[in-house]
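Residue-level structural notes
For reference, the chains in residue letters:
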Amino acid sequence: MAVDRKRRRFFKAVALLGLSGRLWSVGHEAEARPLFPSPVRTNRLRPPGAVPEELFPLRCVRCGRCVEVCPYGSIRPLDIRNGVFAGTPVIDVTKVPCWLCMKCVEVCPTGSLQKVSQQDVRMGMAIIDKHSCFTWKEEGLLCHTCYNVCPFKETAIKLQAMKPVVVEDKCTGCGLCVHACPVTRDDGEKAINVQPVYSFDAAGSGHEGR
Amino acid sequence: MFNLSIPLMQQGVVMKGVSRTPGSSRTGKRRSYGRLRLVTLLLAFSLIIAAPILNFRYHIDFIQGWYQSVSIGNLWFVSPLEGLETILTSKGIYGPLLVGMLLPVVLASLLGRVFCSWICPISLLSELLERVIRLVRRRRYRAAGNPLPRQILWFVLVGELLLAMILGAPIFVFLSPPGLVGREIMLLVMFGTLALEGIVVILVLIMHLVSKRFFCRYLCPLGALLALLGQRRQLKVEVDHEECVQCGRCKLACPMGLDPARQEGGSAYCWNCGDCLDSCQVDALHFSWGQK
């Protein structure tokens, strides 16, 4: 009897899981869901010059040379909890951002990181959350930290009426601004965050790193 | 069983004799491939320890990587299986990758699976483990002959490549035991952590305790690819039938479970480690170059 009930509960759970999966997928019908979802997300980016994310895990041989050569320890390999992405390099810009020294690009033996110049790096795009940024939210506070640390000041980030504004097609996504931002939201993100918009085909087109 | 145990005990005595007088050998002219190989393995291992230390602490990027891709100055190596896998899964060819694969492929087609026996960090760890066990148990460690047919190796290679292509994800690149050793060392040196998948290395070593070099013999797809490349290699272990007294020591010594006295030293499975040459008491075995 007990076994039977347990079994029934198991089947119910499976059915519910399946149903929830179907419901969830209704809104996402258009985009093909990959077998292994990418670990790249907000503030967790591929190193400079990375090929698009659907190609990256296929090309990368996980040799770790980009990790080794990085003088700042910005690049870290993922571990097996990320499934087939284990061993691939990511930069968590909230921990250690990228100073665009471009050494990793030089050593990649597989072309997963392709040669780009500093200003052509597109690891992602910084987006200011105007609801949590001091300068945008409150009158009188003039925090320009993100502006001050940007390696392409006045090109990739500008001040408009004393408020920082990201120039979208010039931002390299190095994450220096994210790392320096004094505001940490409740969800752990900052008031300025780098979105890996170029890593995914749907959003990122025109990136030359293919 | 009784038959086996007698040469085994004799062997133990001889080995102790050798180890008591390091450097000088029994007959004077004999050299020990085992010792030479241990030195090579240690050098190869120190390379992957030195690489992260030099890179991270001193910012010297002259040597890099581990045995998935190594660079020494401008000389780049890429492991042939990892390279092949990325070519198959990404369905594209990147020139520098092919160039990196070239030297290992040439090496394997001339010398056979020598990477496995002379360079691979798993080989070093297995040998060290053997030595520790010999110290503890005070006798030479041996584990049973051939629990499985050797041909499994080829099926593993084909299966692994097919699975990688079906899944659309290269498998060996993130679970290769020699690669994992390097990755764990790097993580330890650079970030003071270890990755969970290092368990694979421990599993491989446990398998080695249960049956000698089990993973290398049956399950290593990289070893299989190198063996395949080295099937028509130049360097082979050959037996001099005039000298051979059929004592069976070489068969016991062989980590791959081959019988060099029956010319299995020329088979694809032999990885030219030279253990059989060391074990031979009558110098009936030798390395030979070229086809016969």
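Each value, and the rule that gives it
- Residues numbered from 1 in each chain as written.
- Chains lettered and ligands numbered in written order.
- Predicted model: local features only at pLDDT ≥ 70, side-chain atom pairs only at ≥ 80, totals over all residues.
- Heavy atoms only, no water.
- Axes fitted to C-alpha atoms, helices over the stretch in contact; angles between N-to-C directions.
- Helix = DSSP H or I, 4+ residues; strand = E, 2+ residues; numbered from the N terminus.
- Parallel < 35°, antiparallel > 145°, perpendicular 65-115°, else oblique.
- Contact = heavy atoms within 4.5 Å.
- Nonpolar A, V, L, I, M, F, W, Y, C, P; charged D, E, K, R; others polar.
- Pairing = 2+ DSSP bridges.
- Phe/Tyr/Trp six-rings, centres within 6.5 Å; stacked < 30°, edge-to-face > 60°.
- Lys NZ or Arg CZ within 6 Å of the ring centre and 35° of its normal.
- Buried < 20%, exposed > 50% of the residue type's maximum accessible area, 1.4 Å probe, protein only.
- Patch = residues over 30% accessible without salt bridge, like charges linked within 9 Å, V, L, I, M, F, W, Y side chains within 5 Å.
- Areas by Shrake-Rupley, 256 points an atom, 1.4 Å probe, with all protein chains shown as cover.
- Salt bridge = Lys/Arg side-chain N within 4 Å of Asp/Glu carboxyl O.
- Buried area = accessible area lost by both parts, 1.4 Å probe.
- Expected span 1.5 Å × (residues − 1).
- Polar contact = N/O pair within 3.5 Å; in protein donor to acceptor, adjacent residues only side chain to side chain.

Residues and elements named next belong to chain B. Two elements in contact, helix α6 (residues 121-137) and helix α9 (residues 177-191), have axes whose closest approach is 8 Å; the angle formed by their N-to-C orientations is 85 degrees. Judged on the interaxial angle alone, α9 and α6 are roughly perpendicular. For the pair formed by α6 and α9, the contact residues are Pro 121, Ile 122 and Leu 125 on the first element and Pro 177, Pro 178 and Val 181 on the second. Looking at the contact of α6 with α9 residue by residue, the classes come out as 6 nonpolar, no polar and no charged.

The next thing to look at is the pairing of strand β5 (residues 157-160) of chain A. All names here are of chain A. Note: β5 against strand β6 (residues 163-166), 4 bridges, orientation antiparallel. Residue pairing in the sheet places Leu 159 in a bridge with Pro 164 of β6. Hairpin connection from β5 to β6: 2 residues lie between these consecutive antiparallel strands, with Ala 161 at a positive phi of about 55 degrees.

Once that is clear, we can look at the packing of aromatic side chains. Residue and element names in this part refer to chain B. By the definition in use, this model includes 5 aromatic pairs over all chains. Between Trp 154 and Tyr 269 the ring centres are 5.6 Å apart and the planes differ by 45 degrees, which places this aromatic pair in the tilted class. Remark: Tyr 269 occurs in the loop between α13 (249-253) and α14 (275-279) and Trp 154 occurs in helix α7 (residues 152-167); sequence separation between them is 115 residues. Stacked on the ring of Tyr 269, the Lys or Arg Arg 150 has its end atom at 5.9 Å from the ring centre.

All right, on to the environment of Phe155(B) then. Residues and elements named next belong to chain B. With respect to the helices, strands and loops of the structure, Phe 155 is situated in helix α7. A relative accessible area of 65% means that Phe 155 is categorised as exposed. Taking the C-alpha atoms as reference points, Phe 155 and Pro 221, 66 residues apart in sequence, are found 8.9 Å from one another.

Turning to the sheet that holds strand β2 (residues 69-72) of chain B, a few remarks are in order. All names here are of chain B. Pairing within the open sheet is antiparallel, and its 3 strands lie in the order β1-β2-β3. The open sheet terminates on both sides in strands that have one partner only, identified here as β1 (63-66) and β3 (75-78). Each neighbouring strand pair of the sheet contributes to a mean axis angle of 15 degrees, computed without reference to strand direction. Sheet topology places β2 next to β3; 4 bridges connect them, and they run antiparallel. Residue pairing across strands places Ile 72 opposite Leu 75, the latter belonging to β3.

What follows deals with the side chain of Thr88(A). Position of Thr88(A) among the secondary structure elements: in the loop between β2 (75-77) and β3 (89-92). With sequence-adjacent residues up to four places away left out, Thr88(A) is seen in contact with Arg46(A), Phe56(A), Pro57(A), Cys60(A), Arg62(A), Arg76(A), Pro77(A) and Leu78(A).

Our focus in this paragraph is the sheet that holds β3(A). Strand order in the open sheet formed by 3 strands is β1-β3-β2 (chain A), with antiparallel pairing between adjacent strands. Each edge of the open sheet carries a strand with a single partner, namely β1 (44-45) and β2 of chain A.

Glancing now at a nonpolar patch on the surface. Residue and element names in this part refer to chain B. Residues Ile 49, Ile 53, Tyr 58, Ile 60, Phe 62, Ile 72, Leu 75 and Leu 103 make up a contiguous nonpolar surface patch of roughly 700 Å² in combined accessible area. Ranked by residues supplied to the nonpolar patch, first place goes to helix α2 (residues 33-58) with 3 residues. With respect to the element layout, Phe 62 can be found in the loop between α2 and β1.

Glancing now at the pattern of salt bridges. All names here are of chain A. This model, assessed by the stated rule, comprises 13 salt bridges over all chains. Of the charged contacts, one joins Arg 46 and Glu 53 as a salt bridge, the two residues approaching to 2.7 Å between their closest N and O atoms. The buried category is assigned to Arg 46, whose relative accessible area is 2%. For Glu 53, a relative accessible area of 3% puts it in the buried group. Here the residues in one salt-bridge network are Asp 129, Arg 185, Asp 187 and Glu 189, joined through shared partners.

Right, let's get into helix α12 (residues 221-229) of chain B. Structural remark: α-helix, 3.6 residues per turn; residues separated by three or four positions point the same way. Residues and elements named next belong to chain B. In terms of residue burial, α12 counts as a mostly covered element, since 7 of its 9 residues are buried. By the burial criterion, the buried members of α12 are Pro 221, Leu 222, Gly 223, Ala 224, Leu 225, Leu 226 and Ala 227. For α12, the elements touching its buried residues are α3 (80-90), α4 (95-111), α5 (114-119), α7, α8 (172-175) and α11 (214-219).

In this section: unusual backbone geometry. Of note in the backbone geometry, Leu100(A) takes a positive phi value of approximately 55 degrees without being a glycine. Mapped onto the elements, Leu100(A) comes out in the loop between β3 and α4 (103-107). Note on Leu100(A): relative accessible area 2%, which makes it buried. Of note, Gln246(B) is a non-glycine position whose phi angle comes to about 55 degrees, a positive value.

So, about the interface of chain A and chain B. Every contact between the two is made by 35 residues of chain A and, on the other side, 39 residues of chain B. For the chain A and chain B pair, buried surface summed over both sides reaches about 2,900 Å², with 64% attributable to carbon and sulfur atoms. Taken together, the connections running from chain A to chain B amount to 1 salt bridge. Elements with a contribution of two residues or more to the side of chain A that touches chain B: α2 (56-59), α3 (65-69), β2 and α4 of chain A. Per-element accounting of the side of chain A that touches chain B gives the leading share, 4 residues, to α3(A). In terms of residue class, the side of chain A that touches chain B is made up of 20 nonpolar, 6 polar and 9 charged.

Residues and elements named next belong to chain B. The end-to-end C-alpha distance of α9 is 20 Å, a good match for the 21 Å that 15 residues give at a rise of 1.5 Å each. In terms of burial, α9 is largely enclosed, as 14 of its 15 residues are buried. Taking the backbone nitrogen of Gly 179 as reference, a side-chain oxygen 2.9 Å away marks Ser 176 as the first, capping residue of α9.

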